There are 10 protein chains.
Amino acid sequence: MPSTPTKTLETFPNPKVGRDFHIHMEVPEFTCLCPKTGQPDFATLILDYIPDKTCVELKSLKLYMWSFREEGHFHEDVTNRILDDLVKVTKPRFMRLTAKFYVRGGIFTNVVAEHRKKGWAPAPRVDLTQFEHQSNTRG
Amino acid sequence: MPSTPTKTLETFPNPKVGRDFHIHMEVPEFTCLCPKTGQPDFATLILDYIPDKTCVELKSLKLYMWSFREEGHFHEDVTNRILDDLVKVTKPRFMRLTAKFYVRGGIFTNVVAEHRKKGWAPAPRVDLTQFEHQSNTRG
Amino acid sequence: MPSTPTKTLETFPNPKVGRDFHIHMEVPEFTCLCPKTGQPDFATLILDYIPDKTCVELKSLKLYMWSFREEGHFHEDVTNRILDDLVKVTKPRFMRLTAKFYVRGGIFTNVVAEHRKKGWAPAPRVDLTQFEHQSNTRG
Amino acid sequence: MPSTPTKTLETFPNPKVGRDFHIHMEVPEFTCLCPKTGQPDFATLILDYIPDKTCVELKSLKLYMWSFREEGHFHEDVTNRILDDLVKVTKPRFMRLTAKFYVRGGIFTNVVAEHRKKGWAPAPRVDLTQFEHQSNTRG
Amino acid sequence: MPSTPTKTLETFPNPKVGRDFHIHMEVPEFTCLCPKTGQPDFATLILDYIPDKTCVELKSLKLYMWSFREEGHFHEDVTNRILDDLVKVTKPRFMRLTAKFYVRGGIFTNVVAEHRKKGWAPAPRVDLTQFEHQSNTRG
Amino acid sequence: MPSTPTKTLETFPNPKVGRDFHIHMEVPEFTCLCPKTGQPDFATLILDYIPDKTCVELKSLKLYMWSFREEGHFHEDVTNRILDDLVKVTKPRFMRLTAKFYVRGGIFTNVVAEHRKKGWAPAPRVDLTQFEHQSNTRG
Amino acid sequence: MPSTPTKTLETFPNPKVGRDFHIHMEVPEFTCLCPKTGQPDFATLILDYIPDKTCVELKSLKLYMWSFREEGHFHEDVTNRILDDLVKVTKPRFMRLTAKFYVRGGIFTNVVAEHRKKGWAPAPRVDLTQFEHQSNTRG
Amino acid sequence: MPSTPTKTLETFPNPKVGRDFHIHMEVPEFTCLCPKTGQPDFATLILDYIPDKTCVELKSLKLYMWSFREEGHFHEDVTNRILDDLVKVTKPRFMRLTAKFYVRGGIFTNVVAEHRKKGWAPAPRVDLTQFEHQSNTRG
Amino acid sequence: MPSTPTKTLETFPNPKVGRDFHIHMEVPEFTCLCPKTGQPDFATLILDYIPDKTCVELKSLKLYMWSFREEGHFHEDVTNRILDDLVKVTKPRFMRLTAKFYVRGGIFTNVVAEHRKKGWAPAPRVDLTQFEHQSNTRG
Amino acid sequence: MPSTPTKTLETFPNPKVGRDFHIHMEVPEFTCLCPKTGQPDFATLILDYIPDKTCVELKSLKLYMWSFREEGHFHEDVTNRILDDLVKVTKPRFMRLTAKFYVRGGIFTNVVAEHRKKGWAPAPRVDLTQFEHQSNTRG
Ligand SMILES: [Ca+2]
Ligand SMILES: [Ca+2]
Ligand SMILES: [Ca+2]
Ligand SMILES: [Ca+2]
Ligand SMILES: [Ca+2]
Ligand SMILES: [Ca+2]
Ligand SMILES: [Ca+2]
Ligand SMILES: [Ca+2]
Ligand SMILES: [Ca+2]
Ligand SMILES: [Ca+2]
Ligand SMILES: [Ca+2]
Ligand SMILES: [Ca+2]
Ligand SMILES: [Ca+2]
Ligand SMILES: [Ca+2]
Ligand SMILES: [Ca+2]
Ligand SMILES: [Ca+2]
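Residues numbered from 1 in each chain as written. Chains lettered and ligands numbered in written order. Predicted model: local features only at pLDDT ≥ 70, side-chain atom pairs only at ≥ 80, totals over all residues. Heavy atoms only, no water.

The name given to chain A in an unreviewed UniProt entry is NADPH-dependent 7-cyano-7-deazaguanine reductase, with the source organism recorded as Thiobacillus denitrificans. Regarding chain A, the relevant UniProt record gives this comment under Subcellular location (unreviewed entry): "Cytoplasm". Its UniProt record gives chain A a comment under Function (unreviewed entry), which states: "Catalyzes the NADPH-dependent reduction of 7-cyano-7-deazaguanine (preQ0) to 7-aminomethyl-7-deazaguanine (preQ1)." (UniProt positions renumbered as here; feature names shortened; annotations may be inferred.)

Overview of the overall build of chain A
Helix and strand counts for chain A stand at two helices and six strands. For chain A, the sequential pattern of α-helices and β-strands runs β-β-β-β-α-α-β-β. If one aligns the C-alpha atoms of chain A with their principal axes, the spans along those axes are about 45 × 40 × 30 Å. For chain A, with 139 residues in total, the buried portion stands at 65%. Put simply, 67% of the contacts in chain A that link residues at least 6 apart link residues at least 24 apart. Where the 20 positive side-chain charges of chain A centre and where its 17 negative ones centre are 4 Å apart. (Helix = DSSP H or I, 4+ residues; strand = E, 2+ residues; numbered from the N terminus. Buried < 20%, exposed > 50% of the residue type's maximum accessible area, 1.4 Å probe, protein only. Contact = heavy atoms within 4.5 Å. Lys, Arg positive; Asp, Glu negative; His and termini not counted. Charge placed at Lys NZ, Arg CZ, Asp CG, Glu CD.)

What about the pairing of strand E6 (residues 108-116) of chain C?
A large share of E6 of chain C lies buried, amounting to seven of its nine residues. One ladder, built from seven bridges, connects strand E5 (residues 94-101) of chain C with E6 of chain C; its direction is antiparallel. Pairing of Lys100 of chain C across the sheet is with Asn110 of chain C, part of E6 of chain C. In this antiparallel pair of consecutive strands, E5 of chain C and E6 of chain C, the connection spans six residues, and Gly105 of chain C shows a positive phi of 60°. Both E6 of chain C and strand E2 (residues 22-33) of chain D contribute to a ladder of five bridges, which runs antiparallel. (Pairing = 2+ DSSP bridges.)

With respect to the coordination of the calcium ion (ligand 3)
Donor atoms from the polypeptide that bind the calcium ion (ligand 3) are Glu132 of chain B (OE) and Glu132 of chain C (OE), placed at 2.2 Å. The metal-metal distance between the calcium ion (ligand 3) and the calcium ion (ligand 1) is 4.5 Å, with Glu132 of chain B coordinating both. Of this pair, Glu132 of chain B sits in the segment after strand E6 (108-116) while Glu132 of chain C sits in the segment after E6, placing the two residues on different chains. (Donors = N, O, S within 2.8 Å, 3.2 Å for Na, K, Ca; no water.)

Looking at the coordination of the calcium ion (ligand 15)
Taken together, Glu132 of chain I (OE), Glu132 of chain I (OE) and Glu132 of chain J (OE) make up the protein donors of the calcium ion (ligand 15), found 2.4 to 3.1 Å from the metal. The distance between the calcium ion (ligand 15) and the calcium ion (ligand 9) is 5.1 Å. Looking at Glu132 of chain I, the relative accessible area reads 39%, which means it is partly exposed.

Examining the interface of chain E and chain A
Taken together, the 34 residues of chain E in the interface contact 29 residues of chain A. For the pair chain E and chain A, the two sides together bury roughly 2,800 Å², of which 52% comes from carbon and sulfur. When the area that chain E buries against chain A is broken down by residue, the three leading residues are Glu76, Ile107 and Arg125 of chain E, summing to 21%. In this assembly, chain E and chain A are joined by four salt bridges. Asp84 of chain E is the partner of Arg19 of chain A in a salt bridge, and the nearest nitrogen-oxygen pair spans 2.7 Å. Inspection of the region where chain E meets chain A yields 14 residue pairs in polar contact (both at pLDDT 80 or more). With eight residues, the single largest contributor to the side of chain E that touches chain A is strand E6 (residues 108-116) of chain E. Residues belonging to the side of chain E that touches chain A are distributed by class as follows: 13 nonpolar, eight polar and 13 charged. (Buried area = accessible area lost by both parts, 1.4 Å probe. Salt bridge = Lys/Arg side-chain N within 4 Å of Asp/Glu carboxyl O. Polar contact = N/O pair within 3.5 Å; in protein donor to acceptor, adjacent residues only side chain to side chain. Nonpolar A, V, L, I, M, F, W, Y, C, P; charged D, E, K, R; others polar.)

Considering the packing of helix H1 (residues 58-66) of chain E against helix H2 (residues 75-90) of chain E
Working note: a packed helix pair is described by the angle between its axes plus the distance between those axes. Residue and element names in this part refer to chain E. At a minimum axis distance of 13 Å, the contact between H1 and H2 shows a crossing angle of 145°. In terms of crossing hand, the pair formed by H1 and H2 is right-handed. Here Leu61, Tyr64 and Met65 of H1 lie close against H2, whose contacting residues are Arg81, Ile82, Asp85 and Leu86. In the contact of H1 with H2, the residues fall into five nonpolar, no polar and two charged. (Axes fitted to C-alpha atoms, helices over the stretch in contact; angles between N-to-C directions. Left-handed = near helix turned anticlockwise from the far one by under 90°.)

A short note on helix H2 (residues 75-90) of chain D
Here H2 of chain D contains 16 residues, and its C-alpha end-to-end distance of 23 Å stays within 8% of the 22 Å for a straight helix at 1.5 Å per residue. Taken together, the buried positions of H2 of chain D are occupied by His75, Glu76, Val78, Thr79, Asn80, Ile82, Leu83, Asp85, Leu86, Val87 and Thr90 of chain D. (Expected span 1.5 Å × (residues − 1).)

What to know about the packing of aromatic side chains
Tallying each qualifying case throughout the model produces 45 aromatic pairs over all chains. Both rings, one in Tyr64 of chain E and one in Phe68 of chain E, keep their centres 5.2 Å apart while their planes meet at 80°; by these two values the pair is edge-to-face. Comparing Tyr64 of chain E with Phe68 of chain E shows no difference in burial state: the two are buried. Above the face of the Phe108 of chain H ring, Arg138 of chain B is positioned so that its terminal group lies 3.9 Å from the ring centre. (Phe/Tyr/Trp six-rings, centres within 6.5 Å; stacked < 30°, edge-to-face > 60°. Lys NZ or Arg CZ within 6 Å of the ring centre and 35° of its normal.)

Re the side chain of Glu57 of chain D
By the secondary structure assignment, Glu57 of chain D is in the loop between strand E4 (54-56) and helix H1 (58-66). At a separation of 2.7 Å, a polar atom in the side chain of Glu57 of chain D contacts the main-chain amide nitrogen of Ser60 of chain D.

Notes on the UniProt feature "active site" (unreviewed entry) in chain A
Residue and element names in this part refer to chain A. According to UniProt, the positions carrying the feature "active site" (unreviewed entry) are Cys34 and Asp41. Classification of Cys34 by relative accessible area gives buried; the value is 17%. The residues contacting Cys34, other than those within four sequence positions of it, are Gln39 and Asp41. With respect to the helices and strands, the residue Asp41 is situated in strand E3 (residues 40-50). The residues touching Asp41, leaving out its near neighbours within four places in the chain, are Phe30, Thr31, Cys32, Leu33, Cys34, His73, His75 and Arg104.

Brief notes about the relation of the copies chain E and chain A
Between chain E and chain A, which share one sequence, the superposing operator has a rotation angle of 72° and an axial displacement of 0.0 Å; the RMSD is 0.0 Å. In symmetry terms, the pair is related by a five-fold rotation axis. By residue overlap, the copies meet through two different surfaces: only 18% of the interface positions of chain E are interface positions in chain A. (Least-squares fit on C-alpha atoms with pLDDT ≥ 70 in both.)

A closer look at the relation of the copies chain C and chain H
With an RMSD of 0.0 Å, the operation that places chain C on chain H is a rotation of 180° combined with a shift of 0.0 Å along the axis. Read as a symmetry element, the transformation amounts to a two-fold axis. If distances are taken from each C-alpha of chain C to the rotation axis, the shortest is found for Ser135 of chain C, at 2.0 Å. In this assembly, 100% of the residues forming the interface of chain C have copies in chain H that are likewise at the interface, indicating an isologous arrangement.

A look at the interface of chain C and chain H
When the parts of a complex come together, some accessible area is lost, and that lost area is often taken as the interface size. With eight residues of chain C at the interface, the matching set in chain H holds eight residues. Carbon and sulfur atoms make up 41% of the surface buried where chain C meets chain H, a total of about 660 Å² over both sides. Viewed at the interface, chain H and chain C are joined by two salt bridges. The shortest N-O distance in the salt bridge between Glu26 of chain H and Arg138 of chain C comes to 2.4 Å. Tallied by class, the residues present in the side of chain C that touches chain H amount to no nonpolar, six polar and two charged.

Things to note about the pattern of salt bridges
In this structure the tally under the stated criterion is 138 salt bridges over all chains. For Arg104 of chain B, the salt bridge is made with Glu29 of chain F, and the minimal N-O distance between the two is 2.9 Å. In this pair, Arg104 of chain B sits in the loop between strand E5 (94-101) and E6 while Glu29 of chain F sits in strand E2 (residues 22-33), so the two residues belong to two different chains. By the burial criterion, Arg104 of chain B is buried, and Glu29 of chain F matches it. Measuring nitrogen to oxygen at the nearest pair gives 2.8 Å for the salt bridge that ties Asp41 of chain E to Arg104 of chain E. Of this pair, Asp41 of chain E sits in strand E3 (residues 40-50) while Arg104 of chain E sits in the loop between strand E5 (94-101) and E6; the two residues are 63 residues apart in sequence, bridging distant segments of the chain. Pair check on accessibility: Asp41 of chain E and Arg104 of chain E agree, each one buried. Shared partners join several salt bridges into a network, and the residues in it are Asp20, Asp52, Arg93 and Lys117 of chain A.

Focus: the environment of Thr11 of chain D
Locating Thr11 of chain D in the fold gives a position in strand E1 (residues 11-13). With near-sequence residues (within four places) excluded, Thr11 of chain D lies in contact with Thr54, Cys55, Glu57, Val89 and Thr90 of chain D.

Things to note about the UniProt feature "binding site: substrate" (unreviewed entry) in chain A
All names here are of chain A. With numbering aligned to this structure, UniProt lists the feature "binding site: substrate" (unreviewed entry) at Val56, Glu57, Leu58, His75 and Glu76. Considering the C-alpha atoms alone, the annotated residues occupy 21 residues of sequence and remain spread out, their largest mutual distance being 24.9 Å. Among the secondary structure elements, Val56 is positioned in strand E4 (residues 54-56). Using a relative accessible area of 1% as the deciding quantity, one classes Val56 as buried. Ignoring sequence-local partners within four residues, the contact set of Val56 consists of Leu9, Glu10, Phe12, Tyr49, Leu61, Leu86 and Thr90. Mapped onto the elements of the fold, His75 is located in helix H2 (residues 75-90). Residue classification places His75 among the buried residues on the basis of a relative accessible area of 15%. Each residue touching His75, except ones within four places of it in the same chain, is listed here: Asp41, Phe101, Arg104, Thr109 and Val111.

The following block contains the structure:
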């Protein structure tokens with residue numbers, strides 16, 4: 001796989017198709033251009049999904065994110081478009097994309113978009129006490 | 001668009017009308033006057049909404065917030081009024097406005113108001129494990 | 001309104017009777033006496049309510065809290081009593097009082113009490129992704 | 001009440017029997033012995049309950065915790081036993097005991113056990129926006 | 001029990017079979033190898049389960065984790081496999097395994113997988129106000 | 001003292017002239033206008049000083065801050081000017097003003113300016129272990 | 001020692017007179033009255049000192065703090081007075097009192113005052129890397 | 001000033017030449033390319049300086065940062081080069097540039113470089129107790 | 001080495017006698033008895049030292065801490081005594097012991113005591129920018 | 001450069017030899033074996049240095065860390081040895097290595113070791129107000 005920006009997302013087969021499990025990926029290195037001013041925009045993207053038959057390959061996800069570097073996109077639009085691209089190649093049971101954009105005009109904007117496979121519903125959540133994780137070391 | 005305070009909120013067409021998606025905007029620069037004493041009040045406003053046909057334009061939202069600078073308003077009233085104004089121009093599927101006011105008389109006051117479009121109901125939440133976001137850098 | 005401690009809570013008319021909205025007030029300055037030892041007790045009180053026809057007036061809430069300064073009260077009892085007083089004057093759709101007492105005997109005690117208006121039920125929660133608020137400035 | 005360790009838990013009458021309210025107590029000073037090695041174990045215990053006719057008295061709770069100091073107990077077992085003891089004397093509508101043990105073998109273990117009174121069910125939660133509490137002072 | 005890596009997980013009898021209770025274990029010391037590059041991978045594993053007849057023994061859990069040190073595994077695969085191994089020996093009512101992997105290619109990946117015993121359902125959650133735990137000391 | 005904005009800062013006599021002691025005041029409610037665009041700017045101001053013969057009166061400090069509401073000022077300039085005004089009326093042994101401005105153009109700016117009385121020098125710092133303060137309550 | 005408020009501070013002999021060591025005490029339960037309005041004021045006091053021949057007794061420190069409950073005091077004045085009282089009975093090598101007052105008029109005020117014994121100077125600080133303490137438990 | 005990337009840094013006259021004061025600017029939007037692989041790199045830059053005759057203009061600083069978007073640079077080199085550029089146009093009394101790069105190969109790298117004007121030395125620091133800033137609102 | 005409480009501290013030879021290096025150990029599991037009331041006291045101990053010829057052995061340090069479990073000790077006294085014991089067996093170039101005791105009477109007490117070898121002085125600190133450590137994983 | 005573990009550390013020429021600048025690298029992925037028990041140990045390593053003629057190459061640093069995976073080392077020893085290896089290849093003006101080991105026997109151990117080039121001394125620190133960095137996004 002060449003290390004150049006690409007809109008092609010690679011996938012690999014879900015190693016546990018028989019189970020609804022949750023993959024969470026945090027991509028801090030997203031940048032595109034503002035379509036009105038041409039100036040750079042920045043965001044952290046967070047991808048949560050329950051795979052069906054395929055999973056997103058990590059390195060191709062990185063190269064895909066790179067492919068937006070020279071393109072102009074509005075916040076609300078690009079979040080939905082990236083979700084659409086990811087859904088198209090992975091056809092997941094569930095996928096949620098969260099985009100946290102850097103401040104513009106003194107206002108912080110985040111966008112959250114979801115896709116659900118037709119006919120799929122999650123098992124009801126087993127709602128346990130939650131414990132906050134800490135660092136593995138002290139200081 | 002002139003850079004002067006205005007009660008006119010600009011909108012743009014929702015880029016993904018077919019999907020219920022969530023826009024979160026944090027506006028830290030709200031100030032008005034106390035109608036009893038005339039002294040300045042301050043708040044951070046947080047807007048969460050699911051657009052229908054239109055979205056709020058970022059810069060006009062900033063100028064709209066500016067328009068309260070010389071006006072007298074009570075906390076509970078102004079939160080509901082701003083929600084009403086935003087609902088009128090965007091007619092969203094769902095909108096929640098959270099106002100966090102600076103301390104007065106040693107007491108901290110926050111107000112949360114919501115609007116729901118008639119007949120609209122959210123898809124049931126897919127309740128995944130949540131992971132706390134950190135800074136992209138160390139130190 | 002005189003600035004002396006008082007059990008009289010002032011109210012003002014709800015500015016948006018047609019909407020269930022949420023008022024959150026944090027009162028860090030509560031102190032009373034331990035009825036067994038006479039020694040001072042301290043707590044932070046947090047009031048969350050959905051008003052019906054009237055709202056609690058901020059300054060009178062402060063003077064009301066002051067009125068406990070010379071009185072002896074047990075933790076579990078005083079939390080319920082303050083809720084009762086607040087419910088009596090505001091007759092809210094919903095009210096929750098949270099009292100966080102300072103440590104006694106090495107043990108931390110918090111008490112949470114609620115009142116619901118007969119026949120009132122909340123609209124089902126629209127459960128959006130939540131984003132943690134930060135300071136408006138850096139450093 | 002003598003200040004010596006005791007398995008006897010004192011109670012007092014619930015001051016507001018007509019209301020389901022929540023008492024949260026945090027007990028940081030629990031220690032017992034490992035039944036296999038005899039070495040000290042430590043934990044923070046957190047008690048959440050909705051009282052029925054009686055409440056746990058604070059000082060006797062402290063002396064009760066002290067009574068485990070010379071005893072050998074496994075983590076999963078002692079958490080359930082303390083819950084059983086507390087349920088026996090208070091017969092609460094609901095009680096949850098959370099034990100957070102200090103690290104052993106590089107692994108952190110927490111145990112959560114609950115009791116519900118037969119026939120009791122909680123009122124459906126009124127799910128409000130939650131605000132994080134801060135210190136009452138700056139710095 | 002010898003202190004060598006092993007795939008054999010030891011168990012002990014559930015001390016309170018009659019109650020659904022929750023055991024939370026945090027295992028910060030997981031490492032295996034990347035099957036593509038042979039380079040080390042690292043993760044923190046978090047195990048949440050409701051035991052049925054048996055519980056996982058702490059020390060054998062540690063030795064089991066050690067057994068992955070020389071093996072090649074993909075993130076999504078190894079999380080499901082460890083869950084499968086733990087389910088096989090403990091046959092729990094419910095089990096959730098959360099794996100938080102160290103960053104690779106600038107992207108952070110977490111995987112969450114669950115198992116539920118056939119016919120088992122949790123009691124509906126009693127949803128109390130939650131209070132954040134702090135250190136037992138100051139400073 | 002009337003509750004209107006004023007450039008007049010009130011003072012009161014230092015109650016302990018014989019000791020170098022430190023007063024720290026945090027003023028979150030500063031706003032002025034950008035002299036180039038006329039748009040509102042916001043900042044939190046932090047005042048640290050060692051008084052000589054007089055101290056700044058709290059309420060007049062608030063009214064003084066209010067007096068900038070309709071004025072145009074650059075960040076670097078206004079911080080130095082406020083320090084000058086405070087120095088003129090209090091003639092302190094030492095004064096440091098820290099201004100933390102809200103983000104502009106995606107860049108966060110803070111300005112720190114100090115004044116020292118001629119001939120004054122601080123006693124050498126007694127450098128003790130520092131302990132971080134926590135909230136007085138739990139949760 | 002009776003449990004009533006008192007201005008008398010008890011002491012006990014320094015157990016290690018031959019060493020400069022540091023005692024840090026955090027007293028969250030301070031309240032007095034505003035001398036202008038008669039309304040309650042609140043603060044957290046932090047005492048750092050290097051004892052000479054005597055140390056402050058913990059319980060009497062608590063009763064001493066209680067003695068301010070009915071008295072009117074200004075922030076800057078009361079901090080210096082408490083330091084003076086503590087210095088008079090303990091004659092320490094070094095003492096620093098930090099008072100963090102609750103917000104008034106939207107402004108947070110802290111006061112820090114120090115006393116040094118004539119002729120005493122601290123050993124030069126051995127300035128090691130500092131590590132931040134965490135809770136002893138997870139979650 | 002046109003909104004295009006530029007290596008030209010604009011300045012304005014220091015409004016308070018007679019005082020050593022400190023300007024802190026945080027620039028979260030830096031990206032360049034890795035000279036070895038051509039892939040994007042990201043960093044947050046933090047600029048601390050004491051101006052002499054001129055200050056850096058905010059908007060030109062942003063456009064200057066933009067100018068690195070298409071250029072290949074190593075971490076250690078680009079930090080020193082940006083400091084050199086800033087020093088050349090502002091000739092400050094003191095300047096420190098801190099670059100916090102996003103993780104590469106699982107390792108986090110920060111670089112800190114400083115410039116001091118010949119013959120300039122800072123006034124000795126007045127080392128006061130430091131208080132941590134919090135958000136202006138609650139929750 | 002038997003796993004029973006002991007006052008005997010084991011040591012091992014310093015592996016790098018030619019260098020002043022810093023060992024930091026955090027011991028969260030300290031408990032003794034109050035000599036006045038007989039009730040348990042708890043603390044977290046933090047040991048910072050620069051070894052000379054010998055270092056403290058980890059497991060014996062744990063068993064030494066255990067040896068205080070049945071003994072009565074005052075806070076200020078026990079901290080100095082433990083430091084004395086550690087100094088006696090390791091004769092370090094520098095040692096600092098920090099004891100953070102659990103709250104008593106609503107007051108938090110920490111004690112810090114140091115020992116320096118005669119004639120030893122630290123190299124002057126190289127005072128670099130400090131960066132805060134984060135967890136190795138996200139969420 | 002092959003991707004296999006190696007004790008050979010690669011370097012590259014310091015791009016700014018004329019300036020004392022500070023490189024900070026955080027390496028979370030260190031593991032070796034306990035020489036007594038053979039069990040895995042884990043640590044996060046933090047490297048701070050001021051280069052002279054050469055800098056450590058990032059990827060070789062990672063492979064060097066990997067080389068300890070199968071080796072037995074004590075905490076205090078391995079920290080000094082890694083520092084020695086790094087000093088040998090880079091001959092820095094100053095280097096500090098901080099190792100934060102995972103908990104063993106309930107005790108957390110960190111080790112800090114430094115090297116200074118003969119005759120080198122740092123410029124005196126310009127001690128500015130420090131501001132805490134936050135994430136680039138909200139929530
Ligand atoms: Ca958190
Ligand atoms: Ca840590
Ligand atoms: Ca957070
Ligand atoms: Ca950071
Ligand atoms: Ca801060
Ligand atoms: Ca929190
Ligand atoms: Ca605070
Ligand atoms: Ca702490
Ligand atoms: Ca802090
Ligand atoms: Ca709290
Ligand atoms: Ca926690
Ligand atoms: Ca918050
Ligand atoms: Ca920290
Ligand atoms: Ca984490
Ligand atoms: Ca911090
Ligand atoms: Ca941010």
